[in-house]
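Residue-level listing of the chains:
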Amino acid sequence: MTGHTQADFSRDEAIEYIMHHYGEVMKRTIYTYVKNHHTTDDLFQEVLILIYRKWDQFNGQSQLKTWAMRIAINRCKDYLRSPLHRIKLVKDQWLDKKDPEQPEDTIIQNEQWQQVAKAILNLPVKYREVMILTFQQNMTQKEIADVTDTPLSTVKTRMQRARHMLREHVNEEGLTLE
Amino acid sequence: MSNKNLKKAIDDQISKGPLFTEEDRRRFYSHTQKKRSSWWNQGFPRLLTVMTTLLVLAGSFYFFTSGNPFQAPASPDQETVIDKPMPEEEEKEKEEPPTLEEKIEQIKGMIHTEEPANKEQMTEIVQALNGKQVSVTEDEQGERISFVFSPNEKMLETSYTEAPSLEAFQNGDLDLFAVLQLAEEYDMVYSAELTYLSEDGESLTKEKSGSGASQRQFEKVVGAEEPVSMKDLTLRSIARSLDKEPEALTKGDLLDLEELTINASHLNGIYDVEAAPEYFKAMKSLKVLKLNQAMIPVELLKEVPTIEQVKFIGPTVKDLSSVADGLQNVQYLNLINSSFDGTAEDLLKLKSLTIVRVSPSVVPDYEKLQFEGIDVRW
């Protein structure tokens, strides 16, 4: 759908296209911000509604995926700023245990990579964001700057800092990161 | 750093199964359809435009037909007398005590918004509604404060440590009992329980804010003061979960039930849960269900669509056909110690299932489940 504008698709066609092609990737991205499956479900619904409402504003200057992801990321950041999510942290702890009877460790296949992934998910949001969008979404630094409304130089600095923090963590854990 | 390995590891950390499901699509379309069919959304903006236009036209007409509106009136004294409301009347209006509906709305408003009220704001609101604090307890999350509200401006003299009786409401001693839970670390109200006289005046209604994602929704039970009457083991199991005496259980207590374990392993044969559907309908917070050699009929399970996790133990289920309709919102199903001998197709009938614990020897075609995004564990 690269290069298309909102005039090429009806609102309903667009939302169906976005759900079909980017639903999974958007939900995974939302999760990396809020780290809670229930909240991810709710925020994803809010994002879909926002996209549906704002469809008239999509002018085709950016790719559809970038536009939709920007809405999702902005909503996640708004949510993280709101005090409500801190309350949910307290209440949702038990709900988010995906398998209440099986320890997470027993299903880990590749311990080392899992440790690194965990460390990334535990970075502060602004560093986590650049790492996730780079490694999980395969975005370039320019795309990250675009989707997060952040100057490219800031993205580069954050990436360097994130790598540095990650290396420190990895060294502490006695892991190798090549 | 191997991008491929790291991407896989991050994806695994997020979820091994797909996150985007048909449920997301269904939720979205049900929302938009509601919006579309709503008169409020379709008709109201147009109506508002028409009314505004009429108002502007009427105003313009008045402006041009009433002479110079900026000129001082001929008899200012007379106008002052007519226009100014009588001070006594004004004061009377101010003193009108808030109605029960206003109280309920304002208390719900404390946690309905994106920025819930803090303790200071809560105190101000309660005082403005003629409320009186009657007890405070503390748990690991913070204070749990009970308030009673008077139906008139008089301050209450009676003190209550728990939800008052139906008679107290009927006598007009109070019209609302509220329990507000504060999250101490964040200094915010994060849940509320409200008890008040039902519309018919013959029973109590209890409302409680939800948990987790449904935090801002309130669930309601009418007849909250009614004692619960059901088979002994079921009653004792519910009472144990709520840390109450079985004989003291009320229908309103069922609203607080979040986990229920019924263990009938000491009995011969399968224990069939029997209860009036209204009791199961009142279990609006129930999320986790564990049945050991016990079975709940599908008609009762259907009354509790909030259940997310179910564990069956013993010879109670074979192919799930008898209960599948009542488990449509279940996300986690543990069959590892059950008599389940069905197929992957049987499990796929549970539309919300994301994790199932079942032996691969029982379901050799479990890859079908994985293909559909269900995490199979044993």
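Reading the values: the criteria
Residues numbered from 1 in each chain as written. Chains lettered and ligands numbered in written order. Predicted model: local features only at pLDDT ≥ 70, side-chain atom pairs only at ≥ 80, totals over all residues. Heavy atoms only, no water. Helix = DSSP H or I, 4+ residues; strand = E, 2+ residues; numbered from the N terminus. Buried < 20%, exposed > 50% of the residue type's maximum accessible area, 1.4 Å probe, protein only. Contact = heavy atoms within 4.5 Å. Areas by Shrake-Rupley, 256 points an atom, 1.4 Å probe, with all protein chains shown as cover. Patch = residues over 30% accessible without salt bridge, like charges linked within 9 Å, V, L, I, M, F, W, Y side chains within 5 Å. Salt bridge = Lys/Arg side-chain N within 4 Å of Asp/Glu carboxyl O. Lys, Arg positive; Asp, Glu negative; His and termini not counted. Charge placed at Lys NZ, Arg CZ, Asp CG, Glu CD. Core = buried A, V, L, I, M, F, W, Y, C linked by side-chain atoms within 4.5 Å. Domains from an automatic or database assignment. pLDDT = per-residue confidence, 0-100.

Engineer: Even after reading the chapter, I still don't get the overall build of chain A, so can you show me in this structure?
Structural biologist: Across its full length, chain A holds eight helices and zero strands. Each helix (α) and strand (β) of chain A, taken in turn from the N terminus, gives the series α-α-α-α-α-α-α-α. Expressed as a percentage of the 178 residues in chain A, the buried residues total 53%. In chain A, the share of contacts with a sequence separation of at least 24, taken over all contacts with a separation of at least 6, comes to 68%. Surface exposure of chain A reaches about 8400 Å², of which carbon and sulfur atoms provide 46%.

Engineer: For this particular structure, what's the right way to read helix α9 (residues 232–242) of chain B?
Structural biologist: A turn of α-helix holds 3.6 residues, and therefore any two residues three or four places apart point the same way. All of the buried residues along α9(B) are Leu233(B), Thr234(B), Leu235(B), Ser237(B), Ile238(B), Ala239(B) and Leu242(B). For α9(B), the elements touching its buried residues are α10 (251–254), β7 (259–263) and β8 (271–272) of chain B.

Engineer: Teacher, can you tell me more about a negative patch on the surface here?
Structural biologist: Taken together, the side chains of Glu96(B), Glu101(B), Glu102(B), Glu105(B), Glu199(B), Asp200(B) and Glu202(B) make up a negatively charged region of the molecular surface. Here Glu102(B) lies in helix α6 (residues 100–112).

Engineer: Looking at this structure, I do not really get the nonpolar core. What am I missing?
Structural biologist: A general feature of soluble globular proteins is that nonpolar side chains tend to end up buried together. Residues Met26(A), Ile30(A), Ile51(A), Ile120(A), Met131(A) and Ile10(B) are the most contacted members of the largest nonpolar core, which totals 59 residues. For this core, the secondary-structure elements that each account for two or more residues are α1 (11–34), α2 (37–54), α3 (64–81), α5 (111–121), α6 (125–136), α7 (141–148) and α8 (152–173) of chain A together with α1 (3–14) of chain B. Broken down by element, this core gets its largest block of residues, eleven residues, from α1(A). Each of domain 1 (1–98) and domain 2 (107–178) of chain A contributes no fewer than three residues to this core. What Met131(A) contacts, discounting residues up to four positions off in sequence, is Ile120(A), Leu123(A), Gln136(A), Met159(A), Ala162(A) and Leu166(A). Val228(B), Met295(B), Leu300(B) and Leu335(B) belong to the second largest nonpolar core, which has 53 residues in total.

Engineer: Whenever I open this one, the confidence of the model for chain B confuses me. Can you help?
Structural biologist: Close inspection of predicted coordinates is inappropriate for parts of the model with low pLDDT. Residue and element names in this part refer to chain B. Taken residue by residue, chain B gives an average pLDDT of 81. The fraction at 70 or more is 81%. In the model of chain B, helix α4 (residues 76–83) stands out as the element of lowest mean pLDDT, 47, in contrast to helix α11 (residues 277–281), which has the highest, 93. Across residues 74–82 the pLDDT falls below 50, and counting only partners more than four positions away or on other chains, this stretch makes one contact in the model.

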